[in-house]
Amino acid sequence: MEKHKHRALSHVLKRSKKSFEDYLTALKPITKKLMESYRDLDEKWKDPDKFLQLMVLDGIFLIEINRFYFRNYPKSESDYCQNDPMFSSNVYPFTSVDLKNDNMLLENQLLCCLLDCLSDMSEQPMPRREQQGKQNIRTKEEADEGGQESKTISLHYLDNKRNKMIGNHQLGTLKMSYICYSTSELHKAGIIFERKDEHDSVLDITFDKEKGILSLPRIDVNRSMAKQFLNMVAFESLHLSVGREIRAYIQFIISLTHNVNDVLLLHSKRVIFTSLLDNEKTAELLQKLQHDMAYRPKTCYAELRVKMHDFCQKNMKKWNRRFREWRVNLKETYFNNP
C-alpha cells in the first residue's frame, strides 16, 4: 500500500504544481493539534518533521481515494493510466467496498483540519459527499470564538458520517430500561409498524400510543453495516462528550430483531432494506452486533419503550377480557346442557 501512497502523492504534486515542502509548510500551524490527537506515538513519529511527512502522505492518499471513488472528476481528467492497480475503473468493482470500509475504521481516521488544508493546497474540490459534510464542520476554535452555534463539530470522517446520521434530532434523557420486546411480540400485542419516509435522522423513532403505530426510518442492512456501527460505538466510548446516540439506536434495533421472523416482518413493512438477499443472513448480521457490543440498560429510548410496554399490557388485558366474555357466552349458548 505504501507504493500506492507515494504514487498518489507524486500525481497530486504534479497536478497542483507545488512541492512537497509547500505542503509541509502549510501544515506547520496545526502540527501540535495533529500530534495531540494521537495517543502513545512511537518514538520515530515524535519528531515533528517526520510526523508531518506521514500526515501529508496519508492525507493525500485518502483524498485521492475519495475523489476517485466518489467520481468527482471525469475520466478524461484523470492522470492515472487505464490499467492503474488502484485508480482505474477496472479495479473499482473489486476494491471500492473494502476501501470504503477501511475509511470507517477508527484507527484510520485523519482530522478534518488536515484534510481541509491538504485539499485547499491541491486546489481541487473535495468529493461532493465530503463537501456537503465539510459545510457542516466547524472547528472547536470557531465554536469557542462565539460563532453561530452548531451541533455538528466533526473531528474526522467517521465523526462526520456519524453526525450526518444523527442530524439535529434530540433524544430523551438517559434512563434505565430492561423492557425488551421483539417485533413479533409487539405485532401480536397489536402494534403496527410503519416506515417513516420524511425524517432528518436515523434516530427519529416515534410511537403513537393512541393508534399503536411505531414509526421508524428505513434500516439499510449491508455487509459494511456492522463494521461502520461498531467503529462509531468505539468512537463514542473514547469521546464521552459526543454522546451515546448510535449505541442507543443500535441497541433498540437489535431488541426488535431477535430472529429471522422479526426481520421478515420488518421487511414486509418496508422498514428493513437489505442488500444481502437473504433474511437469515440479515438476522445473523444484526445479532452479530449484539454479540460484539456490550448491552447498556441505560438508554435514551427508555420512555419510548415504556409507552410500548403500557400499550401492550393494555391491549392484552382488553383481549383477555374479551376472550373471557366470549368463552362465557359460548358456554351459556351452546354448552348449557348435555
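What you see is a predicted model, and the numbers here were worked out from it, not measured in a lab.

*Asks:* I'd like a rundown of the overall build of the protein chain, residues and numbers included.
*Replies:* Along its length, the protein chain carries 15 helices and seven strands. Evaluated residue by residue, the protein chain yields a buried proportion of 44% over its 338 residues. Pairs at least 24 apart in sequence give 67% of the contacts found in the protein chain among residues at least 6 apart.

*Asks:* Account for the nonpolar core, naming residues and giving values.
*Replies:* Buried together is how nonpolar side chains tend to be arranged in soluble globular proteins. Judged by nonpolar contacts, the single largest core of 47 residues is most densely connected at Leu-216, Phe-229, Tyr-249, Ile-250 and Phe-252. No other element matches the eight residues that helix H12 (residues 245–256) contributes to this core. Excluding its chain neighbours within four sequence positions, the residues that come into contact with Ile-250 are Phe-229, Val-233, Leu-289 and Met-293. Judged by nonpolar contacts, the second largest core, of 27 residues, contains Tyr-23, Leu-24, Ile-63 and Leu-114.

*Asks:* Tell me about the environment of Glu-64, and please be specific about residues and values.
*Replies:* Relative to the helices and strands, Glu-64 resides in helix H4 (residues 48–69). In the structure, Glu-64 is positioned 53 residues away from His-11 in sequence and 9.5 Å away in space, judged by C-alpha atoms. Setting aside residues no more than four positions away along its own chain, Glu-64 makes contact with Ala-8, Val-12, Arg-15, Tyr-80 and Phe-87. Side-chain polar atoms of Glu-64 contact the side chain of Arg-15, separated by 3.1 Å.

*Asks:* Which residues make up the sheet that holds strand E4 (residues 213–216), and what values do they have?
*Replies:* If you trace the three strands from one edge of the open sheet to the other, you get E2-E4-E3, paired in mixed fashion. Of all the strands in the sheet, the pair left with one neighbour each is strand E2 (192–195) and strand E3 (206–208). Between one strand and the next, the sheet's axes are offset by a mean angle of 25°, whatever the strand orientation. Relative to E4, E3 runs antiparallel, the two sharing three bridges. When the sheet's bridge partners are listed, Thr-206 is paired in E4 with Ser-215.

*Asks:* So what about the environment of Met-86? Which residues, and what values?
*Replies:* Structurally, Met-86 is set in the loop between H4 and helix H5 (92–104). Its relative accessible area of 6% is what places Met-86 among the buried residues. Taking the C-alpha atoms as reference, Met-86 lies 9.5 Å from Phe-68; in sequence the two are 18 residues apart.

*Asks:* Please provide a residue-by-residue account of helix H11 (residues 225–238), values included.
*Replies:* With 14 residues, H11 extends 20 Å between its outermost C-alpha atoms, agreeing within 8% with the 20 Å of an ideal straight helix rising 1.5 Å per residue. Turning to H11, its buried residues are Met-225, Ala-226, Gln-228, Phe-229, Asn-231, Met-232, Val-233, Phe-235 and Glu-236.

*Asks:* Could you give me a rundown of helix H9 (residues 157–166), with the residues and numbers involved?
*Replies:* The element H9 is largely enclosed, with a buried count of eight among its ten residues. Taken residue by residue, H9 has Tyr-157, Leu-158, Asp-159, Asn-160, Arg-162, Asn-163, Met-165 and Ile-166 as its buried positions. At the exit of H9 stands Gly-167, carrying a positive phi of roughly 65°.

*Asks:* Residues and numbers for the pairing of E4, please.
*Replies:* Both faces of E4 are covered, namely the face carrying Ile-213 and Ser-215 and the face carrying Leu-214 and Leu-216. Summarising the sheet, E2 and E4 pair through four bridges and their orientation is parallel. Paired with Arg-195 across the strands is Leu-216, a residue of E4.

*Asks:* Please provide a residue-by-residue account of the confidence of the model for the protein chain, values included.
*Replies:* Averaged over every residue, the pLDDT of the protein chain is 78; residues scoring 70 or more account for 78%. This stretch, residues 127–151, has a pLDDT under 50; its non-local contacts, to residues over four places away or in other chains, come to 38 contacts.

*Asks:* Can you tell me about the packing of aromatic side chains, naming the residues and giving the values?
*Replies:* Following the criterion strictly, the structure yields four aromatic pairs and no others. Ring plane angle 50° and centroid distance 6.1 Å describe the contact between Phe-229 and Tyr-249, whose orientation is recorded as tilted. One end of the pair, Phe-229, is in helix H11; the other, Tyr-249, is in helix H12, with 20 residues separating them in the sequence. In this structure Tyr-249 comes out as buried when scored by relative accessible area, which is 5%. Across the ring face of Phe-273, the terminal group of Arg-218 is positioned such that the distance to the ring centre comes to 4.5 Å.

*Asks:* An account of the pattern of salt bridges is needed here, citing residue identities and associated values.
*Replies:* Applying the stated criterion to the full structure yields ten salt bridges. Arg-15 is the partner of Glu-64 in a salt bridge, and the nearest nitrogen-oxygen pair spans 3.1 Å. Of this pair, Glu-64 sits in helix H4 while Arg-15 sits in helix H1 (residues 2–16), placing them 49 residues apart in sequence. A relative accessible area of 25% places Arg-15 in the partly exposed class. When the shortest N-O distance is used, the salt bridge between Asp-159 and Arg-162 registers 4.0 Å. With Asp-159 and Arg-162 both in helix H9 and three residues apart, the pair spans about one turn of that helix. Residue Arg-162 is classed as buried on the basis of its relative accessible area, which comes to 2%. Connected through salt bridges with shared partners, the residues Asp-159, Arg-162, Glu-236 and Glu-245 form a single ionic network.

Criteria and cut-off values
- Residue positions are given per chain, counting from 1 as you read along its sequence in written order.
- The predicted origin of the model limits local features to residues at a pLDDT of at least 70 and limits the giving and counting of side-chain atom pairs to 80 or more, whereas totals for whole chains, interfaces and linings rest on all residues.
- Just so you know, side-chain values use all the structure's heavy atoms and leave hydrogens and water out.
- The secondary structure listing takes helices from DSSP runs of H or I that are at least 4 residues long and strands from runs of E that are at least 2 residues long, numbered from the N terminus.
- Residue burial is assigned from relative accessible area. The probe radius is 1.4 Å, only protein chains are included, and a residue is buried under 20% of its type maximum, exposed over 50%, and partly exposed in between.
- Here, two residues are considered to be in contact whenever any of their heavy atoms come within 4.5 Å of each other.
- We call a set of buried residues a nonpolar core when its members are Ala, Val, Leu, Ile, Met, Phe, Trp, Tyr or Cys and they connect through side-chain atoms within 4.5 Å of each other.
- Pairs of N or O atoms are called polar contacts if they sit within 3.5 Å, as long as, within protein, a hydrogen donor faces a hydrogen acceptor (for residues adjacent in sequence, only side-chain-to-side-chain pairs).
- Strand pairing follows a simple DSSP-based rule, namely that at least 2 bridges must link the two strands.
- Throughout, an axis means a line fitted to C-alpha atoms (over the contacting stretch in the case of helices), and angles, computed between N-to-C directions, take values from 0 to 180 degrees.
- Here a helix's expected span is defined as the number of its residues, less one, multiplied by 1.5 Å.
- pLDDT measures the predictor's confidence residue by residue and takes values from 0 up to 100.
- Under the pairing criterion, centres of Phe, Tyr and Trp rings, with the six-membered ring standing for Trp, must be within 6.5 Å; the plane angle then separates stacked pairs below 30 degrees from edge-to-face pairs above 60, leaving the rest tilted.
- Counting as a charge over the ring demands two things of the Lys NZ or Arg CZ atom: a distance within 6 Å of the ring centre and an angle within 35 degrees of the ring normal.
- One side-chain nitrogen of Lys or Arg within 4 Å of one carboxyl oxygen of Asp or Glu is enough to make a salt bridge.

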